[in-house]
Amino acid sequence: MMPGLAMDEVVEDKVFDETPEKANLLKNKENLELTESTKDVAAIDTNPGGAGASSGAVVEPSIEELYDNVCDMQSSDQSVSRLSYGSDGEESRIDSELRHLVGGEMKEVEILKETEEVSNKHEEESSKSHSVKASKSRLESEASSISSPKSKTHKKSNLLSKKTNKKSRKPVVDDKDADRGPYLLKQARDLMSSGSNPRKALDLALQAASCYKNSSLDIVMCKHVTAAIYCSLGQYNEAIPILEQSIEIPVVNESQDHALAKFSGLMQLGDTYSMLGQLEHSLKCYTLGLEVQREVLGDSDPRIGETCRYLSEAYVQALDFNKAESFCKMAIEIHLQNGLQAEEAADRRLMGLIYESKGDHEGALEHLVLASMTMVAIGQETEVSFVDLSIGDTYLSLSKYDEAIFAYQKALASLKSSKGENHPSVASVIARLADLCYKTGKFKESKTYYENALHIYENPVSGIPLEEIACGFTNIAAIYESMDDIDQALELLHKALKIYNDVPGQQSTVAGIEAQMGVMYYVLGKYSESYDSFKNAIFKLRVSSEKKSGFFGVALNQMGLACVQRYAINEAIECFEEARVVLEGEYGTYHHDTLAVYSNLAGTYDAVGS
């Protein structure tokens, strides 16, 4: 049963709690490494006797060049990236994906100032073709410098046993387009990374796309960049068809470049669907991306483990803990096999969350302790603080209060030292201590703790993500609810809801808060407000593809109870019937949540004389 929702009788529980460590799950790092490849340079000879005769060069782009133009872009989920359990950074997921996919930090191919001059002067007159030739010389030199980086020669066999077929050349295009395309795309990227003028960046990216007529990887690159800009503008529905087109172009078996382009497109498309709350489509894209990666890398490459953990985190967000556990086990096995301690620790931290969500507290504790020990051994002190916090939560679930206090105090001291006393992470620990003190009868200490925590959340230091503040409000609301101060709890949930409504990709979180508010309104006897809250929550759960989850069934049952109180008996029957189908499929016939729905349904049918 999902936290915070009553069944046949309204039982106050705890708030649907999604802390940043648990809700904003983001995933992935270096998933594909490139092999070196030397691209052909095709010269274009124009008719020397015709007007405007000139000569130029078209450099067939390497995949390094392709993704240097993308890796600095803000991703489709730039502001609300779910941080990976293996990362302490603010880097968005697709940014990290594209940067690491190309095998590390690579030289950025600068479009020289002379290139711009070529483009302008070619339009004015043809007599200055020597500028184009100079540009050609510089481009050839740069193409040579990036085509065989020494640092990657030992990785050549990592991706494909087949070598890229280098005999095929790019069809000849107008040399004006050849000059303008890379330049325009670089300008679009620079504007995008600065955030100064995304509309202008979009215009430049569209112009760049028109310069590439037949080069498939150039077209894919432009589509990825254009889609990222649309997402940064909040126009996710515009980005989706562009990304869908981009994944149809690459042919995986043709070369490693094509494989990388398809993989990256699928992951970016999955991110975009996730931002719209369409988790089912998002998971499908991530799964297809994993299949492409496996086809290229095999089953035991460390980057496969990264993607498995990524998928596991996505399934946690979709509340499908069984599939999340399966993918997380794969990640642990792969990283153990490759001796990657940091990655293994991140996997175990995630597995602890999964087991805790499934009610297996002992299993969760085992993985969390192993993760903590590994992180201490490799010097990840800041990450250890958050693992200690999770260990405290697990001890609290096991009613081992002394152990929980010790874990919380340890995390609190570490976070104060590393992040400062007024950081929301510190407030999250204080809030847990407040809850623990209340449960153990230390009411005075509890009040002091939660007042301190609330003060930090209401006066955040600059640069703190708003979602973290909203999560803090939900945590404090849980304490007020446990103290029967429902009005104060509702006030804090309204504040959290206002923040989350302005952040894309938080539909599931908003639905959880609205469902919790529905429970509280029901307790207060405000049945119309309760009904409205549940109706909004259920609508969002349907859109976000969570209509098969146990949480959805519980919310439907609670909405049915609100309908009964409003004398909407027929609507109540519809809610109970749908809840019955969902819970039977999710939990089985004899689960206590399913039995509660049976009881409610029987009473409702009796009320209408059936």
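Everything below is about the structure printed above this text.
Within any chain, residue numbers begin from 1 and follow the written order of that chain's sequence. The model is predicted, so local features are restricted to residues of pLDDT at least 70 and side-chain atom pairs to those at 80 or more, both for listing and for counting; the totals for chains, interfaces and linings are taken over all residues. Excluding hydrogens and water, the side-chain figures rest on all heavy atoms present in the structure.

S.K.: I would appreciate a short explanation of a nonpolar patch on the surface in the present structure.
M.R.: Within the patch definition used here, like charges are joined within 9 Å and nonpolar side chains (Val, Leu, Ile, Met, Phe, Trp, Tyr) within 5 Å, considering only residues with over 30% relative accessible area and no salt bridge. Note on areas: Shrake-Rupley with a 1.4 Å probe; residue coverage comes only from the protein chains shown. Each salt bridge in this description consists of a side-chain nitrogen of Lys or Arg and a carboxyl oxygen of Asp or Glu lying within 4 Å of one another. A surface patch of nonpolar side chains, amounting to about 240 Å² of accessible area, comprises V369, L370 and M373. Here a helix means four or more residues in a row that DSSP labels H or I, a strand means two or more in a row labelled E, and each is numbered from the N terminus. By the element assignment, M373 lies in helix α14 (residues 361–378). When its relative accessible area of 53% is taken as the criterion, M373 is described as exposed. The rule is simple: take the accessible area with a 1.4 Å probe, protein chains only, and divide by the maximum for that residue type; under 20% is buried, over 50% is exposed, in between is partly exposed.

S.K.: Honestly, helix α18 (residues 443–458) in this entry has me stumped. Any pointers?
M.R.: One fewer than the residue count of a helix, multiplied by 1.5 Å, yields its expected span. With 16 residues, α18 ought to run about 22 Å at 1.5 Å a step, and its terminal C-alpha atoms sit 22 Å apart, in line with that. The complete set of buried residues in α18 reads S446, Y450, A453, L454, I456 and Y457. Here the buried residues of α18 occupy an arc of 155° about the axis, which is enough to place them on one side. In this context, the arc is that of the directions from the helix axis out to the C-beta atoms.

S.K.: Just checking my understanding: could you explain the environment of L266 for this structure?
M.R.: Following the sequence through the fold, L266 ends up in helix α9 (residues 256–275). Sequence separation of L266 and T287 is 21 residues, and the distance between their C-alpha atoms is 8.9 Å. Throughout, a residue-residue contact means that at least one pair of heavy atoms, one from each residue, lies within 4.5 Å. What L266 contacts, discounting residues up to four positions off in sequence, is I247, C285, L288, G289 and V292.

S.K.: Please clarify how the nonpolar core should be interpreted in this entry.
M.R.: Among soluble globular proteins, nonpolar side chains are generally buried collectively. The criterion is simple. A nonpolar core is a set of buried Ala, Val, Leu, Ile, Met, Phe, Trp, Tyr and Cys residues joined through side-chain atoms within 4.5 Å. One finds I229, L269, L311, V316, I354, M559 and C563 to be the most contacted residues of the largest nonpolar core, which totals 90 residues. Among residues more than four places away in sequence, those in contact with C563 are Y531, A568, E571, A572 and C575. Core analysis: the second largest hydrophobic core is formed by 54 residues, L415, Y450, A477 and L493 among them.

S.K.: Explain the pattern of salt bridges to me, please; I cannot follow it from the model alone.
M.R.: Oppositely charged side chains can pair when the atoms bearing their charge come close. Taken as a whole and judged by the stated rule, the model has 17 salt bridges. Residue R303 is joined to D301 by a salt bridge in which the shortest nitrogen-to-oxygen separation is 2.5 Å. Of the residues examined, R303 reaches a relative accessible area of 6% and is grouped as buried. The exposure class assigned to D301 is buried, which follows from its relative accessible area of 13%.

S.K.: Would you explain α9 in this entry?
M.R.: Residues three or four positions apart in an α-helix share a direction because the helix packs 3.6 residues into each turn. A rise of 1.5 Å per residue sets the reference length of α9, with its 20 residues, at 28 Å; its end C-alpha atoms lie 29 Å apart and thus fit the reference within 8%. Among the 20 residues that make up α9, 20 are buried, leaving the element largely enclosed by the rest of the structure. Pairing of N or O atoms within 3.5 Å defines a polar contact, subject to two protein rules: one partner must be a possible hydrogen donor and the other a possible acceptor, and residues neighboring in sequence count only if both atoms are side-chain atoms. At the N-terminal end of α9, a side-chain oxygen is found 3.3 Å from the backbone nitrogen of D257, two or three residues along, and the residue is S255.

S.K.: Any chance you could explain the packing of aromatic side chains here in plain terms?
M.R.: The description of two aromatic rings rests on the distance between their centres and on the angle between their planes. Two rings belonging to Phe, Tyr or Trp (six-membered ring only in the last case) form a pair when the distance between their centres is within 6.5 Å. Interplanar angles under 30 degrees mark stacking, angles over 60 mark edge-to-face geometry, and anything in between is tilted. The tally for this structure, following the rule as stated, stands at six aromatic pairs. An angle of 10° between the planes, with centres 5.7 Å apart, marks the rings of Y315 and F327 as stacked. With Y315 in helix α11 (residues 302–317) and F327 in helix α12 (residues 321–337), this residue pair connects regions lying twelve residues apart in the sequence. Per residue, the accessibility class of Y315 equals that of F327, and both read buried. Measuring from centroid to centroid gives 5.1 Å for Y450 and Y480, while their planes differ by 65°, and the two rings are edge-to-face. With Y450 in helix α18 and Y480 in helix α19 (residues 466–482), the pair connects residues that are 30 residues apart, well separated along the chain. One exposure class covers both Y450 and Y480, and it is buried. Of note, K495 hangs over the ring of F473, and the distance from its end group to the ring centre comes to 5.7 Å. Its guanidinium or amino end placed over the ring of Y531, R566 lies 4.2 Å from that ring's centre, counting from NZ or CZ. We call a charge positioned over a ring when the NZ of a Lys or the CZ of an Arg lies within 6 Å of the ring centre and within 35 degrees of the ring normal.

S.K.: Would you mind showing me how to read the packing of helix α23 (residues 550–565) against helix α24 (residues 569–587) here?
M.R.: Two packed helices can be described by the angle between their axes and the distance between those axes. Running from amino to carboxyl end, α23 crosses α24 at an angle of 160°, the nearest separation of the two axes being 8 Å. Judged by the inter-axis angle, α23 sits roughly antiparallel to α24. As α23 packs across α24, the resulting crossing turns out to be left-handed. Along its contact with α23, which presents G550, F551, F552, G553, V554, L556, N557, M559, G560, L561, C563 and V564, the element α24 presents I569, E571, A572, C575, F576, E578, A579, V582, L583, E586 and Y587. Of the residues assigned to the contact of α23 with α24, the class counts are 16 nonpolar, four polar and three charged. As a rule, the C-alpha atoms of each element are fitted with a line to give its axis, helices using only the stretch in contact, and angles between N-to-C directions run from 0 to 180 degrees. An angle counts as roughly parallel when it lies under 35 degrees, as roughly antiparallel when it exceeds 145, as roughly perpendicular when it falls between 65 and 115, and as oblique in every other case. Should the near helix be turned counterclockwise from the far one by less than a right angle, the crossing is left-handed, whereas a clockwise turn marks it as right-handed. Polar here means any residue outside two lists: the nonpolar Ala, Val, Leu, Ile, Met, Phe, Trp, Tyr, Cys and Pro, and the charged Asp, Glu, Lys and Arg; Gly therefore counts as polar.

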